[in-house]
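Structural overview
Residues per chain are reported as follows:
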Amino acid sequence: MPFQWIFGFPRYQPVFVAVILLGNALSFRPLARRVVGPGAAAWGATLLWELAPYTLFELMTGRLTQAFLWFLPPAVLAFLRVGEDRRWRGLRAPILAGLATGMLAWTYWFYGYFLALLLAWLAALALFRGERPRKALIRGYLVAGLACLLVVAPGVWAMAGRQAAGAVPGVAEGGGSWLSWPETLQNNVASTLHGYLLLERHGQPMFGNLAWGGGVLAWLALGRERLRFGGFALIALAFALGPVLPVGEGLPMPHYLFAYHHLPFFDRLWFPYRLVVFAFLAASLGIGTALARLLPRLGGGARRAWLVAALPALVTAAEQHRHLAFPLLHRDFRPPAVMRWVGEVGGGLIELPIGIARVSIAWQAVHHQPTFGGMGENAPIFWPPGFRRRLRNGFIHDLRQLTRDPRTALDYDPADRERLVAEGFRWVVLDRHLVDADLHRWPWYRRASPAERDRAPFAVQDRITRDLGEPVAAEGPLVVWDLVGGAEPPEDLRPTPASLNERTWPTDDMPAYEAHYRELGRLPAAPGRR
């Protein structure tokens, strides 16, 4: 929020992204110095971590929370320091480890959850090796666990209460053996969930490229810490694959299914690929240790050492540039002027089509009015009872069907419309761009001629106009009707024959990286698209 207050919407976002990346690097640097050593190799590892494909992919797709990794490296660093000082000051490292792990969990629950499991691997290895007095290690690990528990306790308490009340959608229903697969959810998450192979096959390449795949091979050949951080990475990857490998009819993963059925809340991890971030942490450190061993052999002075240390980061930047992840792909988020005007007049928005995720949800930060029609509403599993009741409103029902079939007759009870006006809704906003993008999913589209498909957004617009009267504003693909009447928009927003009848938007609506992958053949062609 401070960034939005200072820089405004949407100008704050690139600044915030830059701060996230800078913080990721600064928080990783001390861990790199500890594991890799001082000098160019540690900086090379830091640059590599900064440009990890996972982080850039999450940023590119707008998931800033998953890219906010400030607490991950400090948690690992503090955990490595447990037991170094047996005096009272020895409590600092475990307390910091617990606090950082807890804070990581508050940024994204499963980061903290899974880091705790991975730290158990580091703890078991340290105890087995006897690296420090075992009593000091055990005491420190207990203190770290207690500190973490205190930080996450409010969230755990709230989550447990909600789950006990049956208010958490998507949890496992129980029954069957512990090897039974997850059920397909009422959104885009199948029983295989979204595992790591999905990204390698259809999305942003992760370890399946030269910089990272080759770098890991160099780590195995030349580097250090192969057992400690290699095991760390393998455990992370084993869970990042998900519960079922998409091979043939599906290959179940027993370790994941055991966790899915028996660990609290683990059944709510719908995107296990995100656990690959821990493998990138380990790989960055491991590749750094390979650089530390390689650089002295090359000779040529400090300048050459810094250049060679930066080479893996330069290679991954070039590779990710081919897949639109570097520099970060972005889109124009400037809100249309009509949204600012709607906010000035006031009144809730009914946004059409209903039931499709939309960019306009972000524009609520500009107009500050209630809105109905976007965000997670394309995932029925999240529909609250109030949303379901509103969908049964005759006015909403007919408008929803109209954007799926332009021949729909609007024969609702006028009392249903008045009920919405009484609730505070004033505007019906049709996004003709989304009509084009959504229509291919519905039966009418498959039967319609190319000419009918092309004119579908205008047919929907004309049918609404016959029922609600002339629209009061139009801008780009957006057309606005006033359910109350009396609104006077600025001259440049008044509808004209051109703004109501000419197409100024592309037919499809998909992220640029998705269109890019379809062109490369990495994703199948969208069904029914022209």
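Higher on the page you've got the structure.
Values in this document were obtained by computation on a predicted structure and should not be read as measured data.

Some words on the overall build of the protein chain
Within the protein chain one finds 25 helices and 7 strands. Counting only C-alpha atoms, the protein chain reaches 80 × 55 × 50 Å along its principal axes. Carbon and sulfur atoms form 62% of the exposed surface of the protein chain, whose accessible area is close to 24,900 Å². Across the protein chain, the mean location of the 55 positive side-chain charges is 15 Å away from that of the 41 negative side-chain charges.

Describing the side chain of threonine 403
With respect to the element layout, threonine 403 can be found in the loop between α19 (394-402) and α20 (414-423). On the accessibility criterion, threonine 403 (2% relative accessible area) is buried. Polar side-chain contacts of threonine 403 include one of 3.0 Å to the backbone oxygen of arginine 400. The residues contacting threonine 403, other than those within four sequence positions of it, are Leu352, Pro353, Leu430, Val435, Leu439 and Val460.

Some details on the pairing of strand β5 (residues 425-431)
In terms of burial, β5 is a largely internal element, 7 of the 7 residues being buried. The pairing of strand β3 (residues 348-352) with β5 spans 5 bridges and is classified as parallel. Its bridge partner being in β5, isoleucine 350 is matched across the sheet by valine 428. Looking at chain direction, β5 and strand β7 (residues 478-482) are connected through 5 bridges and run antiparallel. Bridging across to β7, valine 428 finds its partner in tryptophan 481.

Observations concerning helix α23 (residues 450-468)
When the terminal C-alpha atoms of α23 are compared, their 28 Å separation across 19 residues agrees well with the 27 Å that a helix rising 1.5 Å per residue should span. Of all the bends in α23, the largest measures some 55° and sits at alanine 456, one to four residues before the proline proline 457. Within the sequence span of α23, burial applies to Arg453, Ala456, Pro457, Phe458, Val460, Gln461, Arg463, Ile464, Thr465 and Leu468. Just beyond α23, the residue with positive phi is glycine 469, at close to 90°.

What about helix α6 (residues 72-80)?
Since there are 3.6 residues in each turn of an α-helix, residues three or four apart along the chain are aligned in direction. Counting buried positions along α6 gives 8 out of 9 residues, so the element sits mostly inside the fold. All buried positions along α6 are accounted for by Leu72, Pro73, Ala75, Val76, Leu77, Ala78, Phe79 and Leu80.

Comments concerning the packing of α19 against α23
Interaxial distance between α19 and α23 falls to 10 Å at its minimum, and their mutual angle equals 155°. One way to sum up the angle between α19 and α23 is to call them roughly antiparallel. Between α19 and α23, the residues in contact are Phe395, Leu399 and Leu402 and Val460, Arg463, Ile464, Asp467 and Leu468, respectively. For the contact of α19 with α23, the residue count by class is 6 nonpolar, no polar and 2 charged.

Focus: the pattern of salt bridges
Taken as a whole and judged by the stated rule, the model has 17 salt bridges. One salt bridge connects aspartate 436 with arginine 503, and the closest N-O pair in it is separated by 2.2 Å. With a gap of 67 residues between them, aspartate 436 in helix α21 (residues 432-439) and arginine 503 in the loop between α24 (497-501) and α25 (512-520) connect regions that are remote in the sequence. Exposure remark for aspartate 436: the relative accessible area of 6% places this residue in the buried category. Its relative accessible area of 26% is what places arginine 503 among the partly exposed residues. Close ionic contact of arginine 494 with glutamate 491 constitutes a salt bridge, the shortest N to O distance being 3.1 Å. Judged by its relative accessible area of 32%, arginine 494 is partly exposed. Given the relative accessible area of 63%, glutamate 491 is considered exposed. Residues participating in the shared-partner salt-bridge network are Arg129, Glu131, Glu225 and Arg228.

Here's the deal with the environment of leucine 47
With respect to the element layout, leucine 47 can be found in helix α3 (residues 40-50). Relative accessible area serves as the criterion here: at 40%, leucine 47 is assigned to the partly exposed category. What leucine 47 contacts, discounting residues up to four positions off in sequence, is Ala310 and Ala313.

Some details on the sheet that holds β3
Sheet strands pair by backbone hydrogen bonding; their relative direction is either parallel or antiparallel. Ordered in space as β4-β3-β5-β7-β6, the 5 strands form an open sheet in which the pairing is mixed. Lying at the two open borders of the sheet, with one neighbouring strand each, are β4 (371-372) and β6 (473-475). Sheet topology note: the β3/β4 ladder contains 2 bridges and is parallel. Within β4, the position partnered with isoleucine 350 by the bridge is phenylalanine 372. Running over the sheet, helix α16 (residues 337-345) touches β3, β5, β6 and β7 and is turned about 175° from β5.

Here's the deal with a nonpolar patch on the surface
Nonpolar side chains collect at one region of the surface, where Met1, Trp5, Ile6 and Phe7 lie side by side and expose about 520 Å² of accessible area between them. With respect to the helices and strands, methionine 1 occurs in the segment before α1 (2-7).

Some remarks on the packing of aromatic side chains
The final tally for this structure, using the stated rule, is 28 aromatic pairs. Pairwise contacts between aromatic rings join Tyr108, Trp109, Phe110, Tyr111, Tyr113, Phe114, Phe239, Tyr256, Phe265, Phe266 and Phe278 into one cluster. Against the face of tryptophan 270 rests arginine 268, its NZ or CZ located 4.2 Å from the ring centre. Residue placement shows arginine 404 over the ring face of tryptophan 442; its charged tip is 3.9 Å from the ring centre.

Quick look at the packing of helix α2 (residues 12-35) against helix α4 (residues 53-60)
Packed helices, taken two at a time, are described by the angle their axes make and the gap between the axes. At a minimum axis distance of 12 Å, the contact between α2 and α4 shows a crossing angle of 165°. The pairing of α2 with α4 is recorded here as roughly antiparallel in orientation. Crossing geometry of α2 relative to α4 is assigned as right-handed. When α2 is examined against α4, the residues Val17, Leu21 and Asn24 are found in contact with a partner set consisting of Thr55, Leu56 and Leu59.

Looking at the environment of arginine 400
In this structure, arginine 400 sits in helix α19. Under the relative-accessibility criterion, arginine 400 is labelled buried at 17%. Sequence separation between arginine 400 and glycine 373 is 27 residues; the distance between their C-alpha atoms is 9.4 Å. In contact with arginine 400, other than residues within four places in its own chain, are Ile354, Trp383 and Leu391.

Quick notes on the rules
Residue positions within a chain follow its written sequence, with the count starting from 1. Residue-level local features of this predicted model are given only where pLDDT is at least 70; pairs of side-chain atoms are given and counted only at 80 or more, and the full residue set underlies all totals for whole chains, interfaces and linings. With hydrogens and water stripped out, all remaining heavy atoms of the structure feed into the side-chain values. The numbering of helices and of strands both runs from the N terminus, where a helix is a DSSP run of H or I of at least 4 residues and a strand a run of E of at least 2. For the area figures, the Shrake-Rupley method with a 1.4 Å probe applies, and any residue is considered shielded solely by the protein chains shown. Under the convention used here, Asp and Glu are negative, Lys and Arg are positive, and both His and the chain ends fall outside the count. Think of each charge as sitting on NZ of Lys, CZ of Arg, CG of Asp or CD of Glu. Remark: exposure states derive from per-residue accessible area (1.4 Å probe, protein chains only) relative to the maximum for the residue type, with buried under 20%, exposed over 50%, and partly exposed in between. Counted as a polar contact is a pair of N or O atoms within 3.5 Å, where, for protein atoms, one must be capable of donating a hydrogen and the other of accepting one, and residues adjacent in sequence contribute only when both atoms are in side chains. Only heavy atoms enter the contact rule, under which two residues are in contact if any of them lie within 4.5 Å. A pair of strands is considered paired only if DSSP assigns at least 2 bridges between the two. For a helix, the expected span equals 1.5 Å multiplied by the number of residues minus one. Here the bend at a residue means the angle between the axes of two seven-residue stretches, the one that ends at it and the one that starts at it. Axis definition: a line fitted to C-alpha atoms, over the contacting stretch in the case of helices. Angles run 0 to 180 degrees between N-to-C directions. An angle below 35 degrees is treated as roughly parallel, one above 145 as roughly antiparallel, one from 65 to 115 as roughly perpendicular, and anything else as oblique. Any residue outside Ala, Val, Leu, Ile, Met, Phe, Trp, Tyr, Cys, Pro, Asp, Glu, Lys and Arg is labelled polar, Gly included; the first ten of those are nonpolar and the last four are charged. Each salt bridge in this description consists of a side-chain nitrogen of Lys or Arg and a carboxyl oxygen of Asp or Glu lying within 4 Å of one another. Without a salt bridge and with relative accessible area above 30%, a residue can belong to a patch; like charges are then joined within 9 Å and nonpolar side chains (Val, Leu, Ile, Met, Phe, Trp, Tyr) within 5 Å. Between the rings of Phe, Tyr and Trp (Trp by its six-membered ring), a pair exists once the centres lie within 6.5 Å; its type follows the angle of the planes, with under 30 degrees stacked, over 60 edge-to-face, and the other angles tilted. Put simply, a charge is over a ring when the Lys NZ or the Arg CZ is close to the ring centre, within 6 Å, and near the line of the ring normal, within 35 degrees. Should the near helix be turned anticlockwise from the far one by less than a right angle, the crossing is termed left-handed; should it be turned clockwise, right-handed.

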